[in-house]
Amino acid sequence: MAAAAISAVGVAPVRAEPTATPLRVRIEFIRGPGAEDCPDEPFLRAETARAMGGVDPYDAEAPFTMTASIERRHGKLAASLFLRDGDGHGRWADGFSARDDCKVLVTAMAVSIALLLDDAYELPAPPVAPAKPASPPAPPEEPCSPERPCPPKPAPAPPSPPRTASPVRAPPRSSASPVAGERFRWVAGLGAVTGLGMTPGVAVGPALSIGGRWPAWSVALEVRVLASLPKTIDKVPMAVSLLTTNAALCHHRQILFACGLSEFGRLRASPDVPLGGASRLNLRAGLGARIGIDWPFSESFSASGYTDVVQSLIDTAIDRHPGAPGSERALWSAPNASVAFGLGVHASF
């Protein structure tokens, strides 16, 4: 909520008036998966001091330790704060998230820390050990005399070894389930494609895909069935369809992705007049690239839009029927490159 407020209003955080004896803490700042490009620890320290009116609350020798971590979860940046005392007891925790503005989120973490340290008297007291029963008073000692000499005094105990600092404990793990972006997922998709240069004129049709997704990479196998909108080619009535299978290897960064693409398929031309053109199967193959945007709606559903550019490796053409006038000239020849635009929805499981 703090990050959303700072982002929406667009103002700097309010500086708190320094207290007479502000609580001092050690700082542990962790940038987890998906947050490697976020501001570093010096930025968090500077923002905390600015929010506290110039007072730097961080001290490497302080008994309290503040663990601040930030990582990407479900397509959002999530921040968590955890304060523990010298015995490892948790004393305070906080957390919030933002869509993409990592700098605003780290600033919000600094403001939350500053507010806590200014109001440190509100922290819950650590658990108190039960009081031990008082030992009964020792009987009075009789004075020493020649008839009753004093007992020998015990030798002084050797000095105890110096205490070593307790090892720093790892920050507590969240009890929430693992983030979907941190594990492999199966992804199935359904969409619509518009192609230029694949068939005579514009081609449209559905696309089905199945693949797998890791935090930053994905692979997919896609099948398209496209039909050419023009029904006449060089005055010859004809229906043209294209069946392709595409394989894509993609790299994802936030909501953007880029892919290497391979395409293989068959072009089928069916003339209405038997002697007007050839009815045959033409192989189609090519290599290309894809760029697009993947917008998540939830952990399991997302929508995407993309553009493909494919360089043809096989010359594809629709020939005239042998014996027809001008049979040496093709009715249509595919260009060297084709372009496709796609929209789709995806479900992960």
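A brief structural summary.

### A word on the environment of glutamate 263
Within the secondary structure layout, glutamate 263 lies in strand β10 (residues 256–271). For glutamate 263, a relative accessible area of 4% gives the class buried. Each C-alpha atom of the pair glutamate 263 and asparagine 246 lies 4.5 Å from the other, and the pair is 17 residues apart in sequence. Look past the residues within four positions of glutamate 263 in its chain and what remains in contact with it is Met198, Arg224, Thr244, Thr245, Asn246, Arg284, Ala285, Gly286 and Val310. Here the side chain of glutamate 263 touches arginine 284 through a polar contact of 2.6 Å, side chain to side chain.

### Looking at the state of the cysteines
Under the criterion given, the structure shown has two disulfides. The disulfide bridge from cysteine 38 ends at cysteine 102, spanning 1.6 Å between sulfur atoms. Negative torsions about the S-S bond denote left-handed disulfides, and the value of about 110° found for cysteine 38 with cysteine 102 makes this one right-handed. Of this pair, cysteine 38 sits in the loop between β1 (25–31) and α2 (41–51) while cysteine 102 is found in helix α3 (residues 102–118), placing the two residues 64 residues apart along the sequence. Judged by its relative accessible area of 10%, cysteine 102 is buried. Disulfide pairing places cysteine 250 opposite cysteine 259 at an S-S distance of 1.9 Å. Because the sign of the S-S torsion sets the handedness, a value of about 100° for the bond joining cysteine 250 and cysteine 259 places this disulfide among the right-handed ones. Both residues of the pair, cysteine 250 and cysteine 259, count as buried.

### Quick look at the packing of aromatic side chains
Using the criterion set out here, one finds two aromatic pairs in the structure. A centroid spacing of 5.2 Å and a plane angle of 85° characterise the contact between phenylalanine 184 and tryptophan 186, whose relative ring orientation is edge-to-face. Of the residues examined, phenylalanine 184 reaches a relative accessible area of 33% and is grouped as partly exposed. Given the relative accessible area of 47%, tryptophan 186 is considered partly exposed. A ring pair is formed by phenylalanine 184 and tryptophan 214, whose centres lie 5.0 Å apart and whose planes are at 55°; its orientation type is tilted. Here phenylalanine 184, found in the loop between α3 and β5 (185–196), pairs with tryptophan 214, found in the loop between β6 (202–213) and β7 (217–228); they are 30 residues apart in sequence, far enough to count as distant. The class for tryptophan 214 is partly exposed, based on a relative accessible area of 38%. Put simply, the rings of Phe184, Trp186 and Trp214 touch in pairs and so form one group of aromatic residues. One Lys or Arg, arginine 290, reaches over the ring of tyrosine 306 and ends 4.1 Å from the middle of that ring.

Reading the values: rules and limits
- Residues numbered from 1 in each chain as written.
- Predicted model: local features only at pLDDT ≥ 70, side-chain atom pairs only at ≥ 80, totals over all residues.
- Heavy atoms only, no water.
- Helix = DSSP H or I, 4+ residues; strand = E, 2+ residues; numbered from the N terminus.
- Buried < 20%, exposed > 50% of the residue type's maximum accessible area, 1.4 Å probe, protein only.
- Contact = heavy atoms within 4.5 Å.
- Polar contact = N/O pair within 3.5 Å; in protein donor to acceptor, adjacent residues only side chain to side chain.
- Disulfide = S-S within 2.5 Å.
- Phe/Tyr/Trp six-rings, centres within 6.5 Å; stacked < 30°, edge-to-face > 60°.
- Lys NZ or Arg CZ within 6 Å of the ring centre and 35° of its normal.

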